[in-house]
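Reading the structure
These are the residues of each chain, in order.
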Amino acid sequence: MNWIEIFRSGISTGTVLLIASIGEILTERAGIQNLGVEGMMLVGAMAGFKVAFTTGNVWLGLLAAIAAGGLLSLAHALVTIHFQADQTVSGLSLTFLGTGLALVLGDGLTGQTGPVIPRASIPLLSQIPYLGPVAFADHNLLVYFGYLLVPVVTYFINKTRPGLHLRAVGENPAAADTLGVNIYRTRYLYTFIGGCFAGLAGAAISVAIAPGWYSNLTVNGQGWIAVALVIFAHWNPWRAAMGGYLFGILRRFTLDLQGPRILFGLANPFFYNTNLVFFLQMTPYILTVIALIWGSSAARKKRIGAPAALGTPYQRGERGL
Amino acid sequence: MTLPEETITVPAVEMQDIVLRFPGVLANDHVNFTIYPGEIHALLGENGAGKSTLMNVLTGLYKPQSGEIRIHGKKVSFNSPRDAIAHGIGMVHQHFMLVENQTVTENVLIGLDTPRFTLNLKKYDQEISNLAEQFGIHIDPTAKIWQLSVGEQQRVEILKILYRGATILIMDEPTAVLAPQEADELIETLKEMAAQGKSIAFISHKLTEVQHVADKLTVLRRGRATAERMDLKDYTRESLASLMVGREVIFNLHKCEQTAGREVLRLEDVSALNNKNLPALRNVDLALHEGEILGIAGVAGNGQSELVEVITGLRPCAGRIWLEGKDIANKPPSFSIRQGLAHIPEDRIGVGSAPNLSLTSNIIMKRYDQQPVSQKWQLNYVAADSLADGLKTEYDIQAPNVHTHARKLSGGNLQKLILARELSSAPRMVVAMQPTRGLDVGAIESVQQLLLNQREQGCAILLVSEDLDELLSLSDRIAVMYEGQVVGVICSQDFDLTQIGLMMTGTLTQDLPENARVEETPTEGTPSSFDEVLDNLRNYEESAQAAQPGEIEPSSESAEPLEESPQPEPPTPPEEPPLNLTEKERVLRKVLGEKYKQGDEE
């Protein structure tokens, strides 16, 4: 088994989860939970591939993906912020809406090949033994974008004025409101940004990591994993990055386990018994379910630092204001 | 303090003919409100009279349907709190508007234009520290809000306003959460700020306090002003009350002399954690007798709600709780209900009732499994309705009929509904938490009288209240809680407001003057030194684990009649000089808080 290759490709696929979950972290830090990541990623993947395929310009594709994800998230923002609808219900419907839109608009794209994001190696860093080939050699540019994203977003949330407002809005919107922070605008903005990131994550699949459009198998549940990752990561970008790469590596590892006839000196059960493979393929999703169950108890949410106002609509003039 | 008015040409705030209508309610009906610089102006009224609403108009949260606001003579129109802040208006809300997991400095900086992008907290920590010193406020700008006491949190709120250079301060019932001494300090600070030329609007429904603080007075009743810019000295407490309520209010309750009977409830060494997994109750010992009201005094958040939850079976705890000879600690609420426990919870809507169910359904919640409501496996709604109808008349619940939804009732009527359910089952023991908070004066009277009637019938009553007047007039004994401990129990003949106030701020009974008649001072119950507190905390986890609820023999002594008033024991002499517990406990929380947060009780 080629460990270098497993880690390398894990980081590459993990970048998708990283981008999507960092977007969701920003949204949730403002107090809005958007469960529609899967839908937004599909729309992003479709729009990115379609535009890149028709124009021949992959960067235009990325822009289209970002715009598509962002636009779709505005539907969620409108319904939950202005009309104060239940965020879970709205998020779930957004997944269905996004999936449907992507399948209809992506009709006829299956099997086509389009331009992809260029690859690059980082000089010097790629020479480091083991780490170089895993993390800094011959990756697509979005992987490096992911590396930058984590510290930048962490700094933004914790050390800047807009970040302070973001946290205040997610923790105690009434307090932020009395100090003149525009709650609705802030929540719209970060829901939109979260959508943009989800769209970008979708495109990262369709024009970079696994180029092409394979209807809803393109994203294949990674949006849900991203939502779970946010809880798993305690709303912290660093942990989200770790979790994202870990999931990526795990996915690749379960794939590689099915290849060889001999595994660790024994007959590989996954090679000879195809039914066992299903269990293997389940692992990332089982972990997701566990993370979601684990993180959903209200008491624990409080302890691990969930934004206090997460999931609660804000309206002026309610009791206590 | 008030400057003669002819020397001042322009009022700081002039609100004229303010009309604000919420769906179904006229919250402000042509109200005028004026403050001059250097003036403390009290805004008095009952809950729901429109005081906070009027002030929220001034802070830009609500936009009035009609009316004019002038600030320093200039007509203004506020679209958001930001506009009001720009005009030097700041408000300390009744429920603090603070972000719990951010530091003091971060809370002050929310919503400001500088720092532009990077926060650079160190620089602003210093700035805020300096500002605080200037007004004699002591606070650590790097502390997180959840680590601060309520009084300190209020200081952060004031700092927030001062940092914005406010000249007009609105204080919304600022003393409601403070101990008397803290309130006095606050009032001194306010007077100091007024002397420096700031205008202060002081919202309150406490008559005595208003007389103490304010220069001028405006009274609201049901959205209308019943007195505008009056001089306070022209009014007595009674005349103020009738302005507020619109009728004569009698400040007397019928409380008969009676002696306490045998013991009903006994708490032995009870400890519990709060929702943040920090110790909220520490080794509490209490006893409660037939026909006795035991008042629990204390600043909000010193373990009172945890105490109530522990007794009513809503919160796990370590230690023993004997009710009528049975250990009810860590038993389900239904168990204690069968032992005759009634609970009047603080949160009437969330805990005390099911707002979307009818009066009948709310009434039968505790007796759905008893005759005549229960008929084998189904409910007899005819019997239930007639039961509810009877109680509706008996307890004078104002509602169209018993099928009305509980959420449509006013606060007072909802409380009467809860009392009807809880008291009609002839309880042996009533636990009442803030039973009169937020009610109008009339409803308060009837709720208090109902509690006194229960006392006459030999019921033991635990009354938790933040209203000291209420405690003093109803209780036979008062136990004072501070930081999760009962720091002392005082009998009614020795009630002394100053002393209770001192105990509420953590002064241990040993440090009190000689006349403090302390009934129960278990030596291990009230740690006299910092080390002991620390030890107790360390032992806490072990004891919590060790105390597994099992089959426990009823205590033999608790069935025996006790002396009517136990002999006051001489307080243990302090071996060390009195310690500043507040400061040290805060350090403790910082140190142990993380540990407790990590400690997972899977």
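Given the structure is predicted, the values throughout are model-derived calculations rather than measurements.

Thresholds applied
Residues numbered from 1 in each chain as written. Chains lettered and ligands numbered in written order. Predicted model: local features only at pLDDT ≥ 70, side-chain atom pairs only at ≥ 80, totals over all residues. Heavy atoms only, no water. Helix = DSSP H or I, 4+ residues; strand = E, 2+ residues; numbered from the N terminus. Buried < 20%, exposed > 50% of the residue type's maximum accessible area, 1.4 Å probe, protein only. Contact = heavy atoms within 4.5 Å. Areas by Shrake-Rupley, 256 points an atom, 1.4 Å probe, with all protein chains shown as cover. Core = buried A, V, L, I, M, F, W, Y, C linked by side-chain atoms within 4.5 Å. Salt bridge = Lys/Arg side-chain N within 4 Å of Asp/Glu carboxyl O. Buried area = accessible area lost by both parts, 1.4 Å probe. Polar contact = N/O pair within 3.5 Å; in protein donor to acceptor, adjacent residues only side chain to side chain. Nonpolar A, V, L, I, M, F, W, Y, C, P; charged D, E, K, R; others polar. Axes fitted to C-alpha atoms, helices over the stretch in contact; angles between N-to-C directions. Parallel < 35°, antiparallel > 145°, perpendicular 65-115°, else oblique. Left-handed = near helix turned anticlockwise from the far one by under 90°. Pairing = 2+ DSSP bridges. Right-handed = clockwise from strand over helix to strand, strands pointing away.

The next subject is the overall build of chain B. Scanning chain B from terminus to terminus reveals 20 helices and 22 strands. Put simply, chain B has 602 residues, and 53% of those count as buried. Contacts in chain B between residues at least 24 apart in sequence constitute 69% of all its contacts with a sequence separation of at least 6. About 26500 Å² of surface is accessible on chain B, with carbon and sulfur atoms providing 49% of the total.

A:Leu18, A:Val37, A:Met41, A:Val207 and A:Trp213 are the most contacted members of the largest nonpolar core, which has 68 residues in total. With residues near it in sequence (within four places) discarded, A:Val37 still touches A:Ala20, A:Glu24, A:Ala198, A:Gly223, A:Ala226 and A:Val227. The next biggest cluster of nonpolar side chains, apart from the first, holds 48 residues, and it includes B:Phe96, B:Ile137, B:Leu190 and B:Ala227.

All names here are of chain B. Inspection of the entire model under this criterion finds 25 salt bridges over all chains. A salt bridge links arginine 224 to aspartate 29; the nearest nitrogen and oxygen atoms lie 3.1 Å apart. One end of the pair, arginine 224, is in strand 10 (residues 224-231); the other, aspartate 29, is in strand 2 (residues 25-35), with 195 residues separating them in the sequence. Residue classification places aspartate 29 among the buried residues on the basis of a relative accessible area of 12%. The salt bridge involving lysine 160 is made with glutamate 157; its shortest N-O contact spans 3.2 Å. Separated by three residues within a single helix, lysine 160 and glutamate 157 lie in helix 5 (residues 150-163), roughly one turn from each other. Judged by its relative accessible area of 3%, lysine 160 falls in the buried class. On the basis of relative accessible area, glutamate 157 is assigned to the buried category, the value being 2%.

What follows concerns the interface of chain A and chain B. Note on interface size: it is often stated as the accessible area lost on association of the parts. Listed per partner, the contact involves 27 residues of chain A and 37 residues of chain B. Buried surface at the junction of chain A and chain B, both sides included, amounts to about 2700 Å², of which 56% is carbon and sulfur. Across the contact surface, chain A and chain B share two salt bridges. Residue B:Asp113 is joined to A:Arg161 by a salt bridge in which the shortest nitrogen-to-oxygen separation is 3.7 Å. Joining chain A to chain B, the criterion identifies eleven residue pairs in polar contact (both at pLDDT 80 or more). Broken down by secondary-structure element, the contributors of at least two residues to the side of chain A that touches chain B are helix 6 (141-159), helix 7 (161-171), helix 8 (173-178) and helix 14 (298-303) of chain A. Here the side of chain A that touches chain B gets seven residues from one element, more than from any other, and that element is helix 7 of chain A. Of the residues in the side of chain A that touches chain B, the class split is eleven nonpolar, eight polar and eight charged.

For the rest of this paragraph, the subject is the packing of helix 2 (residues 37-55) of chain A against helix 9 (residues 183-209) of chain A. Each pair of packed helices gets described by two things: the angle between the helix axes and the distance between those axes. Residue and element names in this part refer to chain A. Two elements in contact, helix 2 and helix 9, have axes whose closest approach is 6 Å; the angle formed by their N-to-C orientations is 55°. On the basis of their axis angle, the class for helix 2 and helix 9 is oblique. The element helix 2 and its partner helix 9 pack so that their crossing is right-handed. Residue-level contacts link Val37, Met40, Met41, Gly44, Ala45, Gly48, Phe49 and Ala52 of helix 2 to Gly195, Ala198, Gly199, Ala201, Gly202, Ala203, Ile205, Ser206 and Val207 of helix 9. Across the contact of helix 2 with helix 9, the residue classes tally to eleven nonpolar, six polar and no charged.

Moving on to the pairing of strand 19 (residues 429-433) of chain B. All names here are of chain B. Among the five residues of strand 19, five are classified as buried, and the element is accordingly described as predominantly covered. Here four bridges tie strand 16 (residues 341-344) to strand 19, and the two strands are oriented parallel to one another. Following the sheet pairing, histidine 343 is matched in strand 19 by valine 431. When strand 19 meets strand 20 (residues 460-464), the two strands line up parallel, connected through five bridges. Counterpart to alanine 432 in the pairing with strand 20 is leucine 463. For the segment spanning strand 19, helix 15 (residues 441-456) and strand 20, crossover handedness is right-handed.

What follows covers the sheet that holds strand 12 (residues 279-289) of chain B. Residue and element names in this part refer to chain B. Spatial strand order, 12-11-14-15: four strands in an open sheet with antiparallel pairing. The sheet is open, and its two borders are formed by strand 12 and strand 15 (326-327), each paired with just one other strand. Bridge count between strand 11 (residues 263-273) and strand 12: seven bridges; the pairing is antiparallel. From the neighbouring strand, leucine 267 faces strand 12, where its bridge partner is leucine 286.

All names here are of chain B. If you trace the four strands from one edge of the open sheet to the other, you get 2-1-4-5, paired in antiparallel fashion. Each end of this open sheet is capped by a strand with a single partner; those strands are strand 2 and strand 5 (74-76). Between one strand and the next, the sheet's axes are offset by a mean angle of 30°, whatever the strand orientation. As paired strands, strand 1 (residues 13-22) and strand 2 are joined by seven bridges and run antiparallel to one another.

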